[in-house]
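# Chains, contacts and geometry: an overview
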Amino acid sequence: MTPAPRTLELFYDVLSPYSWLGFEVLCRYKKLWNINLQLRPSLIAAIMKDSGSLSAMRFLTAVNLEHPKMLEKVSRELWMRVWSRDEDISEPKSILAAAEKAGMSTEQAQGLLEKISTPKVKNELRDTTNAACKYGAFGLPVTVAHLDGQTHMLFGSDRMELLAHLLGEKWMGPVPPAINAKI
């Protein structure tokens, strides 16, 4: 009998390259470690009191509210645009292109983009960001592990070996062998 998945929350912002590293590693390990990975788009600007990626993070929040199964792909595509191709992800046209490349229809993406200024989306992003702060976040990414009735907050993408230890799992580097075979 397989034990129930353990829950991890990943608070992230696509403006943070370190969030991207943590995101990719946790996405690769979620089946290997039997974890329920909850992606939590957060606003680094609110945590670090600086300017940032408000439109993109509101868009990801809208995706999470209405099409949560698309969140991983759309998040990854926004990271690719900003960190691999040096494209501006604050522009609506760029956000739409990222969503479409991730597999959303133009109509779905446009509908979500129209909702980024709604109270529902704004409040959800604010609440998620506040949740990260309540765990002690002072930057992103933050991974929160819920294990045996205890909460463990880990800051940074360089804490995956420690996370593996907390989970009682083996750390096999940022690209585990099962993933390497598929690349």
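Here the structure is a predicted model, which means the values were calculated and not measured.

Feature annotation in UniProt places "active site" (unreviewed entry) on S16, given in this structure's numbering. Take S16: it is sitting in the loop between β1 (6–12) and α1 (17–29). Contacts of S16, omitting those with residues within four sequence positions, involve I44, W79, W83, L140 and P141.

Okay, the sheet that holds strand β4 (residues 150–155) next. Reading across from one edge, β2-β1-β3-β4 is the order of the 4 strands in this open sheet, with mixed pairing throughout. Each having just a single partner strand, β2 (35–41) and β4 make up the two edges of the open sheet. Between one strand axis and the next, the sheet turns by 20 degrees as a mean value, whatever way the strands run. Alignment of β1 against β2, held across 7 bridges, turns out to be parallel. Opposite Y12, over in β2, you have P41 as the bridge partner. Helix α3 (residues 54–66) rests against β1 and β2 of the sheet, and its axis sits at about 135 degrees to β2.

The end-to-end C-alpha distance of helix α4 (residues 71–84), which contains 14 residues, comes to 19 Å, matching closely the 20 Å that a straight helix rising 1.5 Å per residue would cover. Restricting attention to buried positions, one finds in α4 the residues L71, V74, S75, E77, L78, W79, R81 and V82. Residues of α4 that are buried in the fold lie against β1, α1, β2, α3 and α5 (92–101). Within two residues after α4, D86 carries a phi angle of roughly 50 degrees, on the positive side.

When you tally the buried positions in β1, you get 5 out of 7 residues, the bulk of the element. The sheet contact formed by β1 and strand β3 (residues 142–147) spans 5 bridges and is antiparallel. Note on β3: the bridge partner recorded for E9 is V144.

So, about the packing of α3 against helix α6 (residues 106–113). In the contact formed by α3 and α6, the axes pass within 9 Å of each other and the chain directions differ by 115 degrees. Handedness of the crossing formed by α3 with α6: right-handed. Residues F59, A62, V63 and E66 of α3 lie in contact with α6, whose contacting residues are A109, L112 and L113. Here the contact of α3 with α6 is composed, by residue class, of 6 nonpolar, no polar and 1 charged.

Looking now at the packing of aromatic side chains. For any pair of aromatic rings, geometry is given as the distance between the ring centres together with the angle between the planes. Scanning all chains against the criterion turns up 9 aromatic pairs. Aromatic pair W20 and W79: ring centres 6.3 Å apart, planes at 5 degrees, arrangement stacked. Of this pair, W20 sits in helix α1 while W79 sits in helix α4, placing them 59 residues apart in sequence. Across the pair, exposure class does not vary: W20 and W79 are buried alike. Where F138 meets F155, the ring centres are 4.3 Å apart and the plane angle is 40 degrees; that geometry is what we call tilted. With a gap of 17 residues between them, F138 in the loop between α7 (119–134) and β3 and F155 in strand β4 connect regions that are remote in the sequence. Taking the relative accessible area as the measure of exposure, F138 reaches 53% and is therefore exposed. The class of F155 is partly exposed, set by a relative accessible area of 29%. The structure contains a cluster of three or more aromatic residues connected by ring pairs, namely Y12, W20, F23 and W79.

The rules behind these values
Residues numbered from 1 in each chain as written. Predicted model: local features only at pLDDT ≥ 70, side-chain atom pairs only at ≥ 80, totals over all residues. Heavy atoms only, no water. UniProt positions renumbered as here; feature names shortened; annotations may be inferred. Helix = DSSP H or I, 4+ residues; strand = E, 2+ residues; numbered from the N terminus. Contact = heavy atoms within 4.5 Å. Pairing = 2+ DSSP bridges. Axes fitted to C-alpha atoms, helices over the stretch in contact; angles between N-to-C directions. Expected span 1.5 Å × (residues − 1). Buried < 20%, exposed > 50% of the residue type's maximum accessible area, 1.4 Å probe, protein only. Left-handed = near helix turned anticlockwise from the far one by under 90°. Nonpolar A, V, L, I, M, F, W, Y, C, P; charged D, E, K, R; others polar. Phe/Tyr/Trp six-rings, centres within 6.5 Å; stacked < 30°, edge-to-face > 60°.

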